Structure formats: structure tokens, C-alpha cells
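A structural walkthrough
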Amino acid sequence: MNSLPVSRIAVSGLVALAAVSTGAWAQDKKAAGPNSGPKSQTVSPSAAAVADVAMARQLARLGEQRKDPVLLIAAARVLQESAGKVTSPEKPESSTGEGAGTKQAADASAAAMLASAKKLAAGRADLIALADETAAAGTRGAVGGGKVGQTVVRSRGVDAYSVTFRGGEQAVVAISGDGDSDLDLEVYDENGGLICRANGASDDEVCRWTPRWTGPFRIRVVNMGVANRYVIGHN
């Protein structure tokens, strides 16, 4: 008569023990593997805003190089549509390199882009009107979550940041420098595993990945040349 309840108690105990063991194994597995999984199909508004700010910076630089007011106006419009969605990020946790790391701040605002565009328009009424129309449009309002700011990495130096990203949500880190040197971007997970390295020949780099779990990441901005004032953004 008592065998059935005892069996049920025994089975329940085994199930509980298995659940604990499975949970511990899952935690070990999470901690041991790289914190990067299949690409998420969902892009948060803050991640999209960070990518848009990086694109605006690249358009603006190309516009200045080509003396093209249309590109500068387009850059300002993209920046204005994203500017209300971002806040300034933290300063680097650590910074190494040569020199003092000081450099005159460049105005990277939409207003500065539009002012430059109007100068390059050389009196063309249509382009000046387009610039004024863009200025009047303003921003689209805040969404929140994205962080974009500007700082200087010293000559042959490295700036390091620690940022926590959410599991299952696409993570975006973007840098855009002043054009004076080559910058590389590296991202490591909490176990020191390399998640992304963007090391092209310019100082515009982007890393995208989807963390498997919510956790901290180490971001490194590596300067291959002279001091560089750069914009960094992340969601």
C-alpha cells in the first residue's frame, strides 16, 4: 500500500535533482562558450540609431572631401533623425598611448554640416533652401537606449570600454574617426574570447553580433597612428 507514494516521492526527487544538474550544466555551458550566437532578425531602435549616426559621419566626411553640399545635407538629415535617440556614452575605462591625448574638438553636429553645405553651395538657391528646410525639420524625438559620444584616442594608443549587451538582441558598436589615422575595433566577451574584429584601412569601423546571453563585453579602439578624435556609439 505504501509502495506507490514512496515511488512517487523517489521519482519527484530524481526529477528535482535532474533539474538542478541540468541548470548547473547550462550555466557552465553558458560561461564556457563564446557569447555570440545566430544573428538576430530583430534590430532595436537604439541599435538602428547608432548605425545611422555612424553612416551620417561617413557621409559628412565624404561630402567634405568631394566638396559636395548634397552629401552634407543628406548626412545632416540622417543625423537629425537619430540625434534624439542617443545619449553620451561613458568615457574609456582605460586609455594608453603616446602624447597627451588632447585635440581640438571638431563640431560634428547637424548644424555644422548644414553650415558647411551652404558654403559649398556657392550661392545656389535650391541647395541653400534644401539646407534650410533640413534645419527646420529638427529631430524626431527620443527613443532611448543608444549611446554616442566623442573622445580622443592617443597616438599608438588603445581606449577600452566595458559595456553590457542584452542576450538575443543584436548588438552594434561603431566608431568614426577624424581621418588622421587608421582605427581598428575589437570586441571581447566576458571570457576574453574575440567576438568581432573590424580592422579595415580607415577609421570607420562597425561590429555587429547577437549575444547568446546578457553579459559584459570589452570594447577596444586601437589607434595605428597619430592622435585621432573619434565618435563611438553602441546600443
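Refer to the structure above for everything that follows.
In this report, the structure presented in the accompanying data block is examined. Computed from a predicted model, the values in this text were never measured in an experiment.

What counts and how
- Residues numbered from 1 in each chain as written.
- Predicted model: local features only at pLDDT ≥ 70, side-chain atom pairs only at ≥ 80, totals over all residues.
- Heavy atoms only, no water.
- Salt bridge = Lys/Arg side-chain N within 4 Å of Asp/Glu carboxyl O.
- Helix = DSSP H or I, 4+ residues; strand = E, 2+ residues; numbered from the N terminus.
- Buried < 20%, exposed > 50% of the residue type's maximum accessible area, 1.4 Å probe, protein only.
- Disulfide = S-S within 2.5 Å.
- Expected span 1.5 Å × (residues − 1).
- Arc of directions from axis to C-beta.
- Pairing = 2+ DSSP bridges.
- Polar contact = N/O pair within 3.5 Å; in protein donor to acceptor, adjacent residues only side chain to side chain.
- Core = buried A, V, L, I, M, F, W, Y, C linked by side-chain atoms within 4.5 Å.
- Contact = heavy atoms within 4.5 Å.

For the structure shown, the criterion picks out eight salt bridges. Notably, a salt bridge pairs Arg 197 with Glu 186, separated by 3.4 Å at the nearest N-O pair. Taken together, the positions of Arg 197 in strand β7 (residues 194-198) and Glu 186 in strand β6 (residues 183-189) put the pair 11 residues apart, joining distant regions of the chain. Given the relative accessible area of 44%, Arg 197 is considered partly exposed. Through salt bridges with shared partners, one network takes in Arg 61, Asp 203 and Asp 204.

Before going further, it helps to spend a moment on the state of the cysteines. What the rule picks out here adds up to one disulfide. Across a sulfur-sulfur distance of 2.1 Å, Cys 196 and Cys 207 are joined as a disulfide pair. Disulfide Cys 196-Cys 207: torsion about the S-S bond near -85 degrees, hence left-handed. Linking Cys 196 in strand β7 with Cys 207 in strand β8 (residues 204-209), this pair joins segments that are 11 residues apart in sequence. The exposure classification of Cys 196 matches that of Cys 207, with both residues buried.

Relative to the 18 Å expected for 13 residues at 1.5 Å per residue, helix α5 (residues 125-137) spans 18 Å between its end C-alpha atoms, a close match to the ideal helical length. Listed in full, the buried residues belonging to α5 are Leu 127, Ala 131 and Thr 134. One side of α5 holds all its buried residues, which, seen down the axis, span an arc of 60 degrees. Counted as exposed and oriented over 90 degrees from the buried face of α5: Ala 125, Glu 133 and Ala 136.

Of all six residues in strand β5 (residues 171-176), six are buried; the element is thus mostly enclosed. Of the two faces of β5, the one holding Ala 171, Val 173 and Ile 175 and the one holding Val 172, Ala 174 and Ser 176 are both buried throughout. Bridging between β5 and strand β10 (residues 228-234) involves four bridges; their strand directions are antiparallel. Looking at the pairing, Val 173 lines up with His 234 of β10.

Looking now at the side chain of Gln 80. Here Gln 80 is to be found in helix α3 (residues 69-83). There is a polar contact of 2.8 Å between the side chain of Gln 80 and the backbone oxygen of Thr 134.

Looking now at the nonpolar core. Counting residues in each nonpolar core, the largest one holds 21 residues, and the members touching the most others are Leu 79 and Met 113. Mapped onto this core, the elements with two or more residues apiece are α2 (45-66), α3, α4 (110-120) and β5. Residues contacting Leu 79, with those up to four places away along its chain left out, are Val 53, Ala 56, Ala 108, Ser 109, Ala 110 and Met 113. The next biggest cluster of nonpolar side chains, apart from the first, holds 20 residues, and it includes Val 153, Phe 165, Val 173 and Ile 219.

Nothing here speaks to function; it is all geometry.
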